[in-house]
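This is what each chain is made of:
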Amino acid sequence: MRILHAGTAGTLESSDVLITVERNPEKGFVIELESISEARFGNRIREVITETLKKLQVEDVKVRVQDRSALDCTIRARLTAAVFRAAGIEKYPWEELE
Amino acid sequence: MLYVPGNSAAMVKDAHIYRPDTVMFDLEDSVSYREKDAARFLVYQTLRTIDYGGVETAVRINGLDTPYGKDDIEAMVRARPNIIRIPKTEKAQDVSDVETEIERVERKIGLPIGTIKLFVAIETPLGVLNAREIACSSNRLLGIALGAEDLVTSLRTSRSKDGIELYYARSQVLYAARVAGINAIDTVYSNVQDEEGFLAEVRLIKQLGFDGKSVIQPNQIKLVHRVYTPTEEEIHKALRVLEAIREAESKGSGVIALDGRMIDKPVVERARWTIELAKASGVVPEEVKL
């Protein structure tokens, strides 16, 4: 999936996460994480972000993650919404998302 | 049935903790147009991940006459809530259209046809008038709910404390549910500060015959359960009726009396219903015979 412009999803409310994705002019993923639970869950959050980006077949992307103790499923949901918004896609390939 | 805004991460993950009978994730009115996609992804991912501990799950989708309805169905059938709730249902065809879409997705993903059940909400004068044909329109239907906020606006009135403006609609929905053999659920009570008013309305709809009420605040759940849980006296009386009928049946006796009063079929049915409700409320053990 091609990132066309910056895309954001989520909120800064408790149990949520605000995620912004944009194109990375360099190669690969850059993940900027800000989380109150970074010491305990930072690695796990990065893992969920990386897995989800791979599943969505996104390459060369910068992801800013402002975490408020979100569950993995919430991070996946917000990142997916942000990526589709950034790619300008409104028709979702549900078969591939499963 | 507890309403939960579908884009609230905290509420979507925690709503079952308050032990409603059903938690209903809303993708419709409580979600702004700009957030429809995000709410859909959030409910989809959360439903696929969290164990709701036996609490029934429902999702209110957007209507098929909106740009969101079809995608909601596509995602939600895959997320597998127990129920999909159809908003603003006005005719039987509205139910058939949603059912066709659900069946299409069930077939595509190899889910047995009929896995996802349906609930309809009646929120317009036309829906009220067509309540019976709507309630009887699908084998998937588990219940019919009244949504009063839009309805009273269409009727050119507003909600009152005694609910006089809703008597016709409530009766119509209730009769339709009984003809179809499905549940009837009453509308929400929006003033969350007014506990007395809420309790009065719950007592009213219970007396009318409704099976439950939609709520918007976790605090309202225990109040509904309090009104609907049979009292000790009611349970005692019902158990005696059931015992008397068992005894009479074992003796082959035709006419049954208890405390000098004849027990006929409606009395027995009411006693059974009381015990079923008491079991569901957790005040009578499941093993008690009906």
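In this text, all values refer to a predicted model and were calculated from it rather than measured experimentally. (Residues numbered from 1 in each chain as written. Chains lettered and ligands numbered in written order. Predicted model: local features only at pLDDT ≥ 70, side-chain atom pairs only at ≥ 80, totals over all residues.)

1. Some words on the domain arrangement of chain B
For an interface, size is often stated in terms of accessible area lost upon the parts coming together. What counts is decided by this rule: What counts as a domain boundary in this text is fixed by an automatic or database domain assignment.
Looking at chain B, the domain boundaries give domain 1 (2-228) and domain 2 (232-280). Each of domain 1 of chain B and domain 2 of chain B was reduced to a C-alpha centroid, and the two centroids are 34 Å apart.

2. Focus: the sheet that holds strand β4 (residues 61-67) of chain A
Residues and elements named next belong to chain A. Using the following cut-off: Pairing between strands is defined by DSSP: at least two bridges between the two strands are required. Under the DSSP-based scheme used, a helix requires at least four consecutive residues in state H or I and a strand at least two consecutive residues in state E, with every element numbered from the N terminus. Here an angle of 0 to 180 degrees is reported between the N-to-C directions of two axes, which are lines fitted to C-alpha atoms, with helices fitted over the stretch in contact. By definition, residue pairs are in contact when their C-beta atoms, positioned from the backbone, come within 7 Å.
With mixed pairing, 4 strands are arranged side by side in an open sheet as β1-β2-β4-β3. Lying at the two open borders of the sheet, with one neighbouring strand each, are β1 (7-10) and β3 (29-35). When the angles between neighbouring strand axes are averaged without regard to direction, this sheet yields 10°. Pairing analysis gives 4 bridges linking β1 to strand β2 (residues 17-23), with the strands arranged antiparallel. Looking at the pairing, Gly-10 lines up with Leu-18 of β2. Across the sheet, helix α2 (residues 72-87) lies against β1 and β2, angled at about 35° from β2, the strand it touches most.

3. Re the interface of chain A and chain B
Defined as follows: Side-chain classes follow a simple rule in which Ala, Val, Leu, Ile, Met, Phe, Trp, Tyr, Cys and Pro form the nonpolar group, Asp, Glu, Lys and Arg form the charged group, and the remainder, Gly included, forms the polar group.
Taken together, the contact pairs 17 residues of chain A with 15 residues of chain B. With 7 residues, α2(A) is the largest single contributor of residues to the side of chain A that touches chain B. Of the residues assigned to the side of chain A that touches chain B, the class counts are 9 nonpolar, 4 polar and 4 charged.

4. Observations concerning helix α4 (residues 92-109) of chain B
Residues and elements named next belong to chain B. Put simply, the test is: Multiplying 1.5 Å by the residue count of a helix minus one yields the expected span of that helix. Counting other C-beta atoms within 10 Å of each residue's C-beta, where C-beta atoms are placed from the backbone, gives the exposure class: buried for 20 or more, exposed for 12 or fewer, partly exposed between. Note that the arc is computed from the directions linking the helix axis to the C-beta atoms.
A rise of 1.5 Å per residue sets the reference length of α4, with its 18 residues, at 26 Å; its end C-alpha atoms lie 26 Å apart and thus fit the reference within 8%. The complete set of buried residues in α4 reads Asp-94, Val-95, Val-98, Glu-99 and Ile-102. The arc that holds every buried residue of α4, seen down its axis, measures 125°, which confines them to one face. Away from its buried face by more than 90 degrees, α4 exposes Ser-96, Thr-100 and Arg-107. Packed against the buried residues of α4 are α3 (69-79), β4 (83-86), β5 (117-122) and α6 (131-135).

5. Structural notes on the sheet that holds β4(B)
By definition, the strands of a sheet pair up through backbone hydrogen bonds, in either a parallel or an antiparallel sense. All names here are of chain B. Read from one edge to the other, the open sheet built from 8 strands follows the order β1-β2-β3-β4-β5-β6-β7-β8, with strand pairing classed as parallel. Two strands close off the open sheet at either side, each with one partner strand: β1 (2-5) and β8 (212-213). Alignment of β5 against strand β6 (residues 141-146), held across 5 bridges, turns out to be parallel. Note that in β6 the partner of Ile-122 across the bridge is Leu-146. Along the sheet, α4 makes contact with β4 and β5, crossing β4 at roughly 145°. Together, β5, β6 and β7 (183-186) form the strand contacts of helix α8 (residues 167-180), whose direction differs from that of β6 by roughly 175°.

6. With respect to the environment of Thr66(B)
In this fold, Thr66(B) is placed in the loop between β3 (56-60) and α3. Its 15 C-beta neighbours within 10 Å are what place Thr66(B) among the partly exposed residues.

7. A closer look at the environment of Leu208(B)
Residue and element names in this part refer to chain B. Note on placement: Leu-208 falls in helix α9 (residues 195-208). On the neighbour-count criterion, Leu-208 (16 C-beta atoms within 10 Å) is partly exposed. Between the C-alpha atom of Leu-208 and that of Cys-136, which follows or precedes it by 72 residues, the distance is 21 Å.

8. As for the pairing of β3(B)
Residue and element names in this part refer to chain B. Spelled out, the test is: When the strands point away from the viewer and the connection leading from the first strand across the helix to the second strand turns clockwise, the crossover is called right-handed.
Counted residue by residue, β3 has 4 buried out of 5 residues, so it is predominantly covered. In this sheet, β3 lies alongside strand β2 (residues 22-26) in parallel orientation, the contact comprising 5 bridges. Pairing of Asp-26 across the sheet is with Arg-60, part of β3. In terms of handedness, the path from β2 via helix α2 (residues 36-49) over to β3 forms a crossover that is right-handed. Here β3 runs beside β4; their pairing, made up of 3 bridges, is parallel.

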